[in-house]
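Listed below, chain by chain, are the residues.
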Amino acid sequence: MKQSKLLIQTLRETPKDADVVSQQLMMRSGMILKLAAGIYDYLPLAYRSIRKFEAIVREELERDGCQELLMPTVQPAELWQESGRWAFYGKELLRFKDRKGGDFCLGPTHEEVITDIVRRSVRSYKQLPMNLFQIQGKFRDEIRPRFGLMRGREFIMKDAYSFHTDDADADREYWVMFNAYKRIFSRLGVKFRPVEADSGAIGGSFTHEFHVLAGSGEDAILSCDACEYASNIEKTEAPVEAAPSSGQKELLKEHFYTPGILGQVEQAAAMKDADHNGMSLTQTSVFFLYRATLADESTKLVGAVLRGDHDVNPVKVKNVIGAMELELMPLDEAEVFTGAKSGFMGPVGLKNVTMVVDRSLEGMSGLTCGANRTDYHHFGLDPARDLPGCLFADIRMAKEGDACTRCGKGHYQAFRGIEVGQVFKLGLKYSKSMGCTFLDAEGKEWPMVMGCYGIGITRTVAAVIEQNYDADGIIWPWPVAPYQVHLLNLDPGNAEVNTMANQLEKELEREGFEVLHDDREGLSPGAKFKDADLLGFPLRLMVGAKGLKEGVVELRDRRTKEVMKLKPEALVAEVSAARDRMMLALEAAGGR
RNA sequence: CGGGGCGUGGCUCAGCCUGGUAGAGCGCUCGGUUCGGGACCGAGAGGUCGGAGGUUCGAAUCCUCUCGCCCCGACCA
């Protein structure tokens, strides 16, 4: 391919819209254009990488017997009403009417459609199990699209759905997909982790997310340094941290007076009496008031109590309550409800509030807590005694350095991750609500057990860049590089150089390599080098008059910057060798 | 949704406060000289200053509305 004909406009300056590396580099290298907030054009270079990744995904899924199909982007409301999600799904679901006034939406996911397909086409246990997938554009009307392709509104996704006669078979397939995902991301050479995640309101039994590790990732991950346990921090089990009690046996109301002092640390330091010159943070408690929305759309108030030096994990609170949604009560409302200003609210004496106490406080006594009177704290809180009916549960945010709850030996290490894939056991949710059933050998009808498995194709390509770049531009891993060899003609005015460049281009292509030939005239070599570094193909081949005079062309490794002078006839062999080296290094670098 | 910021050639931005004939750099076109890390000279093309309304003799500039885009936001209970 001649670069002079390629649809591409590289930019010397970073567009001001771009705030993460992948977006900056993709825009500067002419891979994408922004059409609207969170909506991008995938130009030829980007689309080549996307298609290569898609090919890897197809290959690995087909190896495990998955079948590819393609469902419509536009979906009728009726299906979503059947599953119950039409009302439940938030504003992310872009709804609209057709000319006849019928309700439709742009598909953010395809559980409803695939379930409809299978219930109409599959009747017998003999046809199961079945795993169907598609690679397709999705639309989610994100509240706040950002980070380029990493959180767009329109994006390309691979979604697969499996159907089974029983739970055990669905579990089996879950791990088949789990392993397929490991192979897929390993082939990219990116560092990634499968992590246990919150199954959310969809109510599936268990789920893993696959994260590409990158500082710009939106998710926090904790991973044990001794065993295999890794989880999204929303889910990470926090170890119980027992702290000594103060010995205070009864609840002294409004015991500490800390007027106008806010902040947990400052308040604790200011809590003084005859026996105490300030309290330890582990003797204090923090309290949060939430409003929970339950499945039947009723709401209730939930109080969360934790040790003063611990952070609350709202996802855990939500799950303990079994709520569909949980929101922090706005400060002004909370102040009216408790009768105290921020900083002095506490759990004692509040009516009609379900109290959840972190299990680190189970058996503790002698804690301080807000008195629900501005400027005052109680002393001597014993949750079991003073908060009758309270639930003890793990509701704290685990943190780096906490002891691992699985192996008990290691400690958590923190990472940032970009969620690029998820495997999810759905269970019966859709098959039951939508009547997707099969007949067993006895002729009895059962709902199918389902699983679903997603990979963000465009997000993964962006994530690859987040992990592979330097000050000069992208450093593509071989398997998803738009082109593998960037052939720079340094003297396009020189007939001998032209002949050689064209000849090498053809030769490499004949051997199956993908070559972008920078044949542009009137550009200085420096300008071509800069562009080549920015585009970041694995190998750069330089053909110029200077080299040809010595009878050589030069091959440069984008990652190591090593340059090799070669006789033209040795080129193909060397490019093959370089590819093999890179693929080996990639295997070594991938995974953990 | 709340708060903040920004919309001026394809890109990055100046001009706005203090109204008076729209600018620079990069990119693009043509000609010439260059040619191994973003060359130089000359000549060009390209902008309803996001949109609507208003104030004014006169609005990119002041006022109102609107649209778009970007950023920040649930440590004090």
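Residues numbered from 1 in each chain as written. Chains lettered and ligands numbered in written order. Predicted model: local features only at pLDDT ≥ 70, side-chain atom pairs only at ≥ 80, totals over all residues.

1. Looking at the overall build of chain A
Along its length, chain A carries 16 helices and 31 strands. Taken along the three principal axes of its C-alpha coordinates, chain A extends 95 × 70 × 50 Å. Within chain A, buried positions represent 41% of all 592 residues. Taking as baseline every contact in chain A between residues at least 6 positions apart, the subset at least 24 positions apart corresponds to 71%. (Helix = DSSP H or I, 4+ residues; strand = E, 2+ residues; numbered from the N terminus. Buried ≥ 20, exposed ≤ 12 C-beta atoms within 10 Å, placed from the backbone. Contact = placed C-beta atoms within 7 Å.)

2. Details of the packing of helix 2 (residues 44-63) against helix 12 (residues 457-467)
Close contact between helix 2 and helix 12 brings their axes to 10 Å; oriented N to C, the two are set at 110 degrees. It follows that helix 2 is roughly perpendicular to helix 12 by the angle criterion. Remark: the crossing between helix 2 and helix 12 carries right-handed chirality. Contact with helix 2, carried on its side by Ser49, Ile50, Phe53 and Glu54, involves Ile457, Thr458, Thr460 and Val461 of helix 12 and no other residues of that element. Within the contact of helix 2 with helix 12, the residues separate by chemical class into four nonpolar, three polar and one charged. (Axes fitted to C-alpha atoms, helices over the stretch in contact; angles between N-to-C directions. Parallel < 35°, antiparallel > 145°, perpendicular 65-115°, else oblique. Left-handed = near helix turned anticlockwise from the far one by under 90°. Nonpolar A, V, L, I, M, F, W, Y, C, P; charged D, E, K, R; others polar.)

3. Topic: the sheet that holds strand 20 (residues 391-393)
The strand order across the open sheet formed by five strands is 16-14-15-17-20, and the pairing between neighbours is mixed. Here the strands that pair on one side only, and so sit at the sheet edges, are strand 16 (325-328) and strand 20. The average angle at which neighbouring strand axes cross in this sheet is 35 degrees, direction not considered. (Pairing = 2+ DSSP bridges.)

4. Quick look at the protein's contact with RNA strand B
As a structural note, the neighbourhood of RNA strand B is formed by 50 residues, with Gly263, Phe287, Ala334, Gly526 and Gly544 the closest of them. The set of elements that each furnish at least two residues to the surface near RNA strand B consists of strand 14 (285-293), strand 16, helix 9 (331-338), helix 14 (525-535) and helix 15 (545-549). Counting residues per element, the surface near RNA strand B draws most heavily on helix 14, at eight residues. Of the residues contributing to the surface near RNA strand B, the split by class is 22 nonpolar, 13 polar and 15 charged. (Near = placed C-beta within 6 Å.)

5. Side note on the nonpolar core
Counting residues in each nonpolar core, the largest one holds 91 residues, and the members touching the most others are Val485, Leu487, Leu541 and Val543. For this core, the leading source of residues is helix 6 (residues 167-188), giving nine residues. When we break this core down by domain, the ones giving at least three residues each are domain 1 (47-237 + 413-466) and domain 3 (483-589). Excluding anything up to four places from it in sequence, Leu487 contacts Ala501, Leu504, Glu505, Val515, Leu516, His517, Asp518, Leu541 and Val543. Core analysis: the second largest hydrophobic core is formed by 28 residues, Val305, Ile321, Met364 and Leu387 among them. (Core = buried A, V, L, I, M, F, W, Y, C linked by C-beta atoms within 7 Å. Domains from an automatic or database assignment.)

6. Things to note about the environment of Ala274
Position of Ala274 relative to the elements: it lies in the loop between helix 7 (264-270) and strand 14. C-beta crowding within 10 Å serves as the criterion here: with 5 such atoms nearby, Ala274 is assigned to the exposed category. Between the C-alpha atoms of Ala274 and Tyr125, which are 149 residues apart in sequence, the distance is 75 Å.

7. Describing the pairing of strand 19 (residues 376-381)
Within a regular strand, the side chains alternate between the two sheet faces. Counting buried positions along strand 19 gives five out of six residues, so the element sits mostly inside the fold. Looking at chain direction, strand 18 (residues 367-370) and strand 19 are connected through four bridges and run antiparallel. Directly across from Thr368, in strand 19, lies its bridge partner Phe379. Adjacent in sequence and paired antiparallel, strand 18 and strand 19 are bridged by five residues, among which Asn372 carries a positive phi angle near 60 degrees.

8. Quick notes on the domain arrangement of chain A
For chain A, the domain assignment lists domain 1 (47-237 + 413-466), domain 2 (252-393) and domain 3 (483-589). The gap between the C-alpha centroids of domain 2 and domain 3 is 65 Å.

9. Side note on helix 1 (residues 21-28)
By the criterion of burial, helix 1 is predominantly enclosed, with seven of the eight residues buried. Here helix 1 has its buried residues at Val21, Ser22, Gln23, Leu25, Met26, Met27 and Arg28. In this structure, the buried side of helix 1 is in contact with strand 1 (32-36), helix 2, helix 12, strand 25 (469-470), strand 26 (473-474) and helix 14. Of the residues flanking the end of helix 1, it is Gly30, one or two places downstream, whose phi is positive at about 75 degrees.

10. So, the sheet that holds strand 6 (residues 103-106)
Strand order in the open sheet formed by three strands is 4-6-5, with antiparallel pairing between adjacent strands. The strands lining the two open edges of the sheet, one partner per strand, are strand 4 (74-76) and strand 5 (95-97). Taken over all neighbouring pairs, the strand axes of this sheet differ in orientation by 40 degrees on average, direction set aside. Two strands pair when backbone bridges link them, and strand 4 and strand 6 are joined in this way by three bridges, in the antiparallel orientation. When the bridges of strand 6 are listed, Gln75 appears paired with Cys105.

11. Some remarks on unusual backbone geometry
Cis geometry marks the peptide bond from Leu128 to Pro129; its omega dihedral reads 0 degrees. As for its placement among the helices and strands, Pro129 is situated in the loop between helix 5 (111-121) and strand 7 (130-139). Unlike most non-glycine residues, Phe147 shows phi in positive territory, near 60 degrees. With respect to the helices and strands, the residue Phe147 is situated in the loop between strand 7 and strand 8 (154-164). Although it is not a glycine, Glu254 sits at a positive phi angle of roughly 50 degrees.

12. Focus: helix 6
In this model helix 6 runs 32 Å from its N-terminal to its C-terminal C-alpha over 22 residues, within 8% of the 32 Å that 1.5 Å per residue would give. Within helix 6, the full set of buried residues consists of Ala170, Glu173, Tyr174, Val176, Met177, Ala180, Tyr181, Ile184, Phe185, Arg187 and Leu188. Just past helix 6, the residue Gly189 takes up positive phi, approximately 75 degrees. (Expected span 1.5 Å × (residues − 1).)

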